[in-house]
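Chain by chain, the residues:
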Amino acid sequence: MGCPWQLPSTCTLLLLLLPLLLLQVRATHPDCSVVLYFQEQEAECLELIRRERQRAELPGQQGCLTEWDGVTCWAAVAVGQSRAVTCPDVLHIFKKSQALIQRNCTESGWSLASPPYYSACQLEDISSTNDTEAKASYFVTMKVLYTCGYSTSLAALLLAIGIFSCFRKLHCTRNSIHIHFFSSFILRGAAVFIKDAVLFSDESIDHCTMSTVNCKAAIAFFQYSVLANFYWLLVEGMYLQTLLLLTFTSDKRYICWYILIGWGVPMLTVCTWVLTRLHYDNHGCWDDYTSLFWWVIKAPILLAIFVNFLIFLNVTRMLAQKIWSPDISKNYKQQYMRLTKSTLLLIPLFGVHYVVFALFPEHIGVDARLYFELVLGSYQGFLVALLYCFLNGEVQAEIKRNWGKWQSSMESNVFNLVTQDFTA
C-alpha cells in the first residue's frame, strides 16, 4: 500500500479553521502595547503633517505648524491661539486624569507644555528598581536552566538515534517511529536556540517593533517544531493502539500514514497560520499569543492532546483485558507490558499542563507557564530517550551482545599477536 496523499482529518481541520481565516484582528502583547500605541499616534500625526503641507491654506509663517512632541500630536493654529489636550489614554501606564495640558502659539513657535506631562499625567504604580532587577535575574536563571535542559536532551536524543541506527537488529517500524519522535524533540530544541539567537541576541533592538523576515521565520519554525512534537506523540499512541488491536500483524503499511500525520499535519497547520498572519495580522514578530489567530496553532495541539488522552484510556482498557485474560500466555503479557509502559507514562505527562493553561488567558500564570514550558519541557527529550532507548531491555540486550562480541574479538586478536610473537 502506497503513501496516501489525502488525509480526511486534514480536510476536517481546514473546515474547523476556515472561520478563523475570515476574521481580521490585531492584538498585541500587553508589554508592547505602550510602544505600539505611541507609534500609531506618531504615524497618524506625521500623515496629518504631510497632508497639511500639500494644502495652500496652511497658517504659514504667521502660525504654528502641526507638531509631534513624542507624546501628543498638536494640530496647527494661528499665532495667539492655543491648544489643550488630555493625558494619553494608555491602560496600566497613566492614571485617569481630567487635567488639561496646554500649549500656546507664539511668534517664536509653540510654547512648552503647561503643566508638564510628568506633573499632569500621573503614572500608575510600577515595580521598583529592585523588582526589575529581580525579574531580570529570574529570567537569566530560567534561560540557563532551559539551555542546560535542551543541551542535555539533544545529546541524549542524538545518542539514542545513533543506537537505533547502528544496530541492525533494532531496525523495525516501532523504532523507526521512535526515531521520528526523537527528531521532533531535536527540532524543538534547535528551534528554541534559533529563536533566542534571532530575537534576543542584540539587546539594542526593540523587540516590540521587530518585524524582520528572519524573526518571523524563526517563530514559524518554532511553532512547526512544537506541533510536530505533539503529533509524533500522537503517532506513538496510535501505533501502540494499532499493535494491541491487530495483535502484532504487519504494520509497515501504516508507516506512510504515520509520517503524514507526524510531519504533514503540522506543516499544513503552520502554512495556514503563516498565510493568515501575512494577510490579516502581519505586524511585529508573530510571537504575540493574544491574537485570535493563535488558535490556528493552539486548536490542533489541543486536538492532539485530547485524542491522545482518549487513546490513553482505550489502551489502558485493552491492556487490562489482555492481562486478565486466561487465553493470553505469560510471555505475551510481559510483551504487552513492555510495549505500553513507556507510552502510557508519556501520554499523561505531555500536554497536561498545556490543557490547564489553555483554559486561562495568556497573561495569567506567566511564571508557572514559563517554568513548565521552558524548564521542565526542556528535559522532556532526555526523558523520552531514557524511556524508549536507554531503559529499553531490547536495546540493553543488543548493546551487551555487541559489547561481548567486541571484547571476544579483541581478546582473540591479542591472543593471536602473542602466539605469533612466541612462535617467531
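Residues numbered from 1 in each chain as written. Predicted model: local features only at pLDDT ≥ 70, side-chain atom pairs only at ≥ 80, totals over all residues. Heavy atoms only, no water.

**A closer look at the state of the cysteines**
This is how it is decided: Counting rule for disulfides: a pair of cysteine sulfur atoms within 2.5 Å. Helix numbers and strand numbers start at the N terminus; a helix is a DSSP run of H or I with at least 4 residues, a strand a run of E with at least 2. Burial classes follow relative accessibility: with a 1.4 Å probe on protein chains only, a residue under 20% of its type's maximum area counts as buried, one over 50% as exposed, and anything between as partly exposed.
Scanning the entire structure with this criterion turns up three disulfides. A disulfide bridge connects Cys64 with Cys105, and the sulfur atoms are separated by 2.1 Å. One disulfide, between Cys64 and Cys105, carries an S-S torsion of 100° and so falls in the right-handed class. Note that Cys64 is positioned in strand E1 (residues 63-64) and Cys105 in strand E6 (residues 100-106), a separation of 41 residues in sequence. The two residues Cys64 and Cys105 agree in class, both being buried. At a sulfur-sulfur separation of 1.3 Å, the disulfide partner of Cys215 is Cys285. The sign of the -115° torsion about the S-S bond sets the Cys215-Cys285 disulfide as left-handed. Here Cys215, found in helix H6 (residues 213-246), pairs with Cys285, found in the loop between helix H7 (255-280) and helix H8 (295-324); they are 70 residues apart in sequence, far enough to count as distant. Look at Cys215 and you get buried, because its relative accessible area is 0%.

**Looking at the UniProt feature "transmembrane region" (unreviewed entry) in the protein chain**
Formally: UniProt positions are given in the numbering used here, feature names are shortened, and annotations may be inferred rather than shown by experiment.
Per the UniProt entry, the sites bearing "transmembrane region" (unreviewed entry) are residues 144-165, 177-194, 230-248, 255-280, 292-313, 343-364 and 370-391 in this numbering. The distance from the first to the last C-alpha atom of residues 255-280 is 37 Å, and the span holds 100% helix and 0% strand. End C-alpha atoms of residues 370-391 are separated by 29 Å, and the span's content is 91% helix alongside 0% strand.

**Observations regarding the packing of aromatic side chains**
This is how the line gets drawn: Each pair of aromatic rings taken from Phe, Tyr and Trp, with Trp reduced to its six-membered ring, is defined by centres within 6.5 Å and is described as stacked if the planes are under 30 degrees apart, edge-to-face if over 60, and tilted in the remaining cases. Charge over a ring is defined by NZ of Lys or CZ of Arg lying within 6 Å of the ring centre and within 35 degrees of the ring normal.
This structure, assessed with the given rule, holds 13 aromatic pairs. A ring pair is formed by Trp74 and Trp110, whose centres lie 6.1 Å apart and whose planes are at 50°; its orientation type is tilted. Residue Trp74 is found in strand E3 (residues 73-74), and its partner Trp110 is found in strand E7 (residues 109-110); the two are separated by 36 residues along the sequence. Taking the relative accessible area as the measure of exposure, Trp74 reaches 1% and is therefore buried. Trp110 sits in the buried class, given a relative accessible area of 15%. When the ring of Phe309 is compared with that of Phe312, the centres are 6.3 Å apart and the planes differ by 25°; the resulting orientation is stacked. A residue pair is termed a helical-turn pair when its members lie 3 or 4 positions apart in one helix, as Phe309 and Phe312 do in helix H8 at three residues. Cluster of aromatic residues (ring-pair linked, three or more members): Tyr146, Tyr150 and Phe193. Sitting above the plane of the Phe222 ring, Lys195 keeps its charged end 3.9 Å from the centroid.

**Brief notes about the packing of helix H5 (residues 173-200) against H7**
Two measures define how a pair of helices packs: the angle their axes make with one another and the distance between the axes. To keep things clear, this is the line we draw: Helix axes are fitted only over the stretch in contact, all axes being lines through C-alpha atoms; the angle between N-to-C directions runs from 0 to 180 degrees. Angle categories are assigned with fixed cut-offs, so that under 35 degrees is roughly parallel, over 145 is roughly antiparallel, 65 to 115 is roughly perpendicular, and the rest are oblique. Pairs of residues are marked as contacts when any of their non-hydrogen atoms sit within 4.5 Å. Ten residue types, Ala, Val, Leu, Ile, Met, Phe, Trp, Tyr, Cys and Pro, are classed as nonpolar, four, Asp, Glu, Lys and Arg, as charged, and the remainder, Gly among them, as polar.
Remark: H5 packs on H7, axes separated minimally by 11 Å, with the N-to-C direction vectors making an angle of 10°. Looking at the two axes, H5 sits roughly parallel to H7. For the pair formed by H5 and H7, the contact residues are Thr173, Ser176, Ile177, His180, Ser183, Ser184 and Leu187 on the first element and Ile255, Tyr258, Ile259 and Trp263 on the second. For the contact of H5 with H7, the residue count by class is six nonpolar, five polar and no charged.

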